[in-house]
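Chain residues, written in single-letter form:
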Amino acid sequence: MTNEPLRLGIVGCGGISVRHVDALRTLRAAGFRSFELAAVCDLREGPARQVTRMAAEWLGREPAIYNDINAMLDAGVVDALDVTTDAGAHHRVAVPALERGVHVLVEKPMAITARAGRRMIEAAQRGGAVLSVAENYRRDPIMRLVKAAIEGGVIGTPRLATYLSITGNQHVLLGTSWRHDKLRGGLLLDLLVHAADLLVYFLGPVKRVYAETGILEEERMMQADAAGANDWLYRHREDDVPAGSTVRPTAEDTALGVLRFESGPIGYMAYTSGAPGERLGTHLLHGSRGSLRVPGARSGRTPVVTPATDEGGAETLDGDALLERLPGFSLDDVTQRLFDGAARLGRYEVPTDQVNARLVAYQLEELARCIHGGARPEVDGELGLHAMSVPLALLESGATGRAVTLDDVTSLVAEDYQGPINERLGIR
Ligand SMILES: NC(=O)c1ccc[n+]([C@@H]2O[C@H](COP(=O)([O-])OP(=O)(O)OC[C@H]3O[C@@H](n4cnc5c(N)ncnc54)[C@H](O)[C@@H]3O)[C@@H](O)[C@H]2O)c1
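Residues numbered from 1 in each chain as written. Predicted model: local features only at pLDDT ≥ 70, side-chain atom pairs only at ≥ 80, totals over all residues. Heavy atoms only, no water.

(A) Main features of the pairing of strand β7 (residues 158-166). Bridge analysis of β7 against strand β13 (residues 280-287) gives 8 bridges, and the strand direction is antiparallel. The residue of β13 that forms the bridge with P158 is G287. (Pairing = 2+ DSSP bridges. Helix = DSSP H or I, 4+ residues; strand = E, 2+ residues; numbered from the N terminus.)

Right, here's the structure in full:
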């Protein structure tokens, strides 16, 4: 039996939303008929019109435009929402939808605070709706291979995780001022949640963290072409802050944290965009029999394993050699169809925009299958809440000077940092 396409609404028509429209085109090209784009919603008309133009060109049909989520829900025109607003608005959009039984795929980070995330999970339970979180990095075929390599014992028992991203400039990231505003998102939630979700995917849940955090860059400049080649996606930014003006960040741009995973390994996570000069970036997993270098998600580059010197020298294994070591590894059927039929990939060469669209396509197709078949999404509300609670735990620890358990963040006990945000946003 074939299911009728579900009616999808995209809420938040900024930079990433265009990739979500592209994902619908990608699904169609791969022969999937899970969704039709029925409506879009944004507080501002300009971004909404940009997305409907792309939809008309790529999908052959212009969706309806709304400027208020409740009006869109009252109109009864959608079965599911794809929430692509800034993080500060995720709960405002998702809670009323889920309560009415409208299913939701929400961009990462799932919510602005753990309390907001918890309210989304409860709303999904009340409405009997599917809640899925778009943690796209783990859906990259190369990350599936990394996970299989770890589970296949290629580096032995995992011991140590290192994630470093040390960069710095004085600009507003992507020209979106909300990425420096703790009431709307902030760099650590926005960016570090990707690394957090990957580490949780590879090593399991985090137990406890300790961190120092801060704002190193106290004033940032709005650049005219802040998003480079993707600048056309971010033109709406000047509605908030005109080019050439400055922003004083309220959200931290730096966290140096130590993590303990429930399964045993220790991790070190360092992120800053407030350290100009030499850049440092690495993502490494060490185990009892060697290490694995995790390549950048969506890069298509190969993972590299360096075995322990007493395990046959320091010869490194790349993706193809890894595939040989993992004869049982295979990509799932949806990933295979989206990645040109390949059952196994050790590396790939696909333009980043297309990779983005394919990974979002995967997430949408998964949502449709969960709606029709009743299965739980891979990243459901609880897992999405856990991943976003890693950067939140770093922020809580930085605010209090104490180690913080993930349980205390997800069960809303640790709220020294988040409490004032909840209060200002009316999250109870
Ligand atoms: N997975 C990824 O690789 C990836 C990449 C970029 C962004 N993102 C995520 O996507 C989300 C959006 O990021 P962006 O870069 O597109 O931001 P953006 O600022 O370009 O777009 C956000 C849009 O949401 C609209 N909006 C805000 N509140 C709204 C509300 N209540 N109702 C309707 N519209 C509302 C804004 O007007 C804006 O047009 C964030 O959660 C971000 O972390 C994910």
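(B) View of the pairing of strand β8 (residues 206-214). The pairing of β8 with strand β11 (residues 254-261) spans 8 bridges and is classified as antiparallel. Looking at the pairing, V206 lines up with F261 of β11. Here β8 runs beside strand β16 (residues 404-405); their pairing, made up of 2 bridges, is antiparallel. Paired with R208 across the bridge in β16 is T405.

(C) Representation of the sheet that holds strand β5 (residues 103-107) in the model. Read across the open sheet, the 6 strands follow the order β3-β2-β1-β4-β5-β6; overall the sheet is parallel. Either end of the sheet is taken by a strand with one partner, and the two such strands are β3 (64-66) and β6 (131-134). The sheet shows a mean angle of 25 degrees between the axes of neighbouring strands, taken without regard to direction. Running at roughly 155 degrees to β5, helix α10 (residues 352-373) makes contact with β1 (6-11), β2 (35-41), β4 (80-83), β5 and β6 of the sheet. (Axes fitted to C-alpha atoms, helices over the stretch in contact; angles between N-to-C directions. Contact = heavy atoms within 4.5 Å.)

(D) Representation of empty space enclosed by the protein. Across all of its chains, the model carries 1 cavity of 30 Å³ or more by this definition. As a volume, the largest cavity reaches approximately 70 Å³. Every residue lining the largest cavity is counted, 13 residues in all, and those nearest its centre are G185, G186, A251, L395 and Y417. Of all the elements in the fold, those that place two or more residues in the lining of the largest cavity are α7 (187-203) and α11 (381-400). Counted by class, the lining of the largest cavity contains 9 nonpolar, 2 polar and 2 charged residues. (1 Å grid on protein atoms, 1.4 Å probe; cavity = no way out; pocket = protein on both sides within 12 Å on 5 of 7 lines; lining within 4 Å. Points joined across faces, edges and corners; volume = space filled by probe spheres on them. Nonpolar A, V, L, I, M, F, W, Y, C, P; charged D, E, K, R; others polar.)

(E) Seen up close, the side chain of T84. Take T84: it is sitting in the loop between β4 and α4 (90-99). According to the relative accessible area criterion, T84 is buried, its value standing at 7%. There is a polar contact of 2.5 Å between the side chain of T84 and the backbone oxygen of G12. In this view, T84 contacts I10, V11, G12, I16, S17, H20 and E107; residues no more than four positions away in its chain are not counted. (Buried < 20%, exposed > 50% of the residue type's maximum accessible area, 1.4 Å probe, protein only. Polar contact = N/O pair within 3.5 Å; in protein donor to acceptor, adjacent residues only side chain to side chain.)

(F) Inspection of the domain arrangement of the chain at higher detail. Looking at the assigned domains, one finds that the chain contains domain 1 (6-137 + 367-380) and domain 2 (138-347). Each of domain 1 and domain 2 was reduced to a C-alpha centroid, and the two centroids are 24 Å apart. At the interface, 27 residues of domain 1 touch 31 residues of domain 2. Summed over both sides, the interface between domain 1 and domain 2 buries roughly 2700 Å², with carbon and sulfur atoms accounting for 52% of that surface. Residues D190 and K108 are paired through a salt bridge, measuring 3.1 Å at the closest nitrogen-oxygen approach. Counting across the domain 1 and domain 2 interface gives 16 residue pairs in polar contact (both at pLDDT 80 or more). Among the residues making up the side of domain 1 that touches domain 2, the classes are represented as 13 nonpolar, 7 polar and 7 charged. (Domains from an automatic or database assignment. Buried area = accessible area lost by both parts, 1.4 Å probe. Salt bridge = Lys/Arg side-chain N within 4 Å of Asp/Glu carboxyl O.)

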